[in-house]
Amino acid sequence: LLIGGATTSKMHTAVKLTPQYSGPIIYVLDASRSVPVCQSLMDKENVGDFVQDIKDQYTELREEFYTNLEDRKYLTLEEAR
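The model shown is predicted, which means the values in this text are computed figures rather than measured ones. (Residues numbered from 1 in each chain as written. Predicted model: local features only at pLDDT ≥ 70, side-chain atom pairs only at ≥ 80, totals over all residues. Heavy atoms only, no water.)

Colleague: Describe the packing of aromatic side chains, listing the residues and the values that go with them.
Modeller: Tallying each qualifying case throughout the model produces one aromatic pair. Taking the centre distance of 5.2 Å and the plane angle of 80° together, the rings of F65 and Y66 count as edge-to-face. (Phe/Tyr/Trp six-rings, centres within 6.5 Å; stacked < 30°, edge-to-face > 60°.)

Dropping the structure here:
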């Protein structure tokens, strides 16, 4: 599944989409960048490594996202006022 465009990001793909889909999901910035991604997916000799690299990147992004959530400090409405 290739996903991209203005409504998503690599982080969104890694955090929200990848855990919900069993197949490979690859974020592409825009349609013009999808051609090399498709070529990599069609390369029978290297597709496994390519997909695993993407999965590893998304795992790192998810870990970074959830680590940053732990560091956030929230204020009550009264404190914010």
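Colleague: Residue-level account of the nonpolar core, with values.
Modeller: Membership of the largest hydrophobic core is limited to eight residues, which are A14, I26, Y27, V28, V37, I54, Y58 and L61. Put simply, the parts of the chain that give this core at least two residues each are β2 (26–28) and α3 (47–71). Apart from the residues lying within four places of it in its own chain, the contact partners of I26 are L1, L2, I3, V37, L41, F50, I54 and Y58. (Core = buried A, V, L, I, M, F, W, Y, C linked by side-chain atoms within 4.5 Å. Buried < 20%, exposed > 50% of the residue type's maximum accessible area, 1.4 Å probe, protein only. Helix = DSSP H or I, 4+ residues; strand = E, 2+ residues; numbered from the N terminus. Contact = heavy atoms within 4.5 Å.)

Colleague: Tell me about the pattern of salt bridges, residues and numbers included.
Modeller: Scanning the entire structure with this criterion turns up one salt bridge. For E78, the salt bridge goes to R81, with nearest N and O atoms at 3.7 Å. Overall, the relative accessible area of 59% leaves E78 in the exposed class. (Salt bridge = Lys/Arg side-chain N within 4 Å of Asp/Glu carboxyl O.)

Colleague: Quick one: what's the story with a nonpolar patch on the surface, residue by residue and with numbers?
Modeller: Taken together, the side chains of Y66, L69 and Y74 present a nonpolar region at the surface, about 340 Å² in accessible area. Among the secondary structure elements, L69 is positioned in helix α3. (Patch = residues over 30% accessible without salt bridge, like charges linked within 9 Å, V, L, I, M, F, W, Y side chains within 5 Å. Areas by Shrake-Rupley, 256 points an atom, 1.4 Å probe, with all protein chains shown as cover.)

Colleague: Tell me about the environment of R81, and name the residues and values.
Modeller: Mapped onto the elements, R81 comes out in the segment after α4 (77–80). Note on R81: relative accessible area 70%, which makes it exposed. Spatially, the C-alpha atoms of R81 and V51 are 48 Å apart, while their sequence positions differ by 30 residues.

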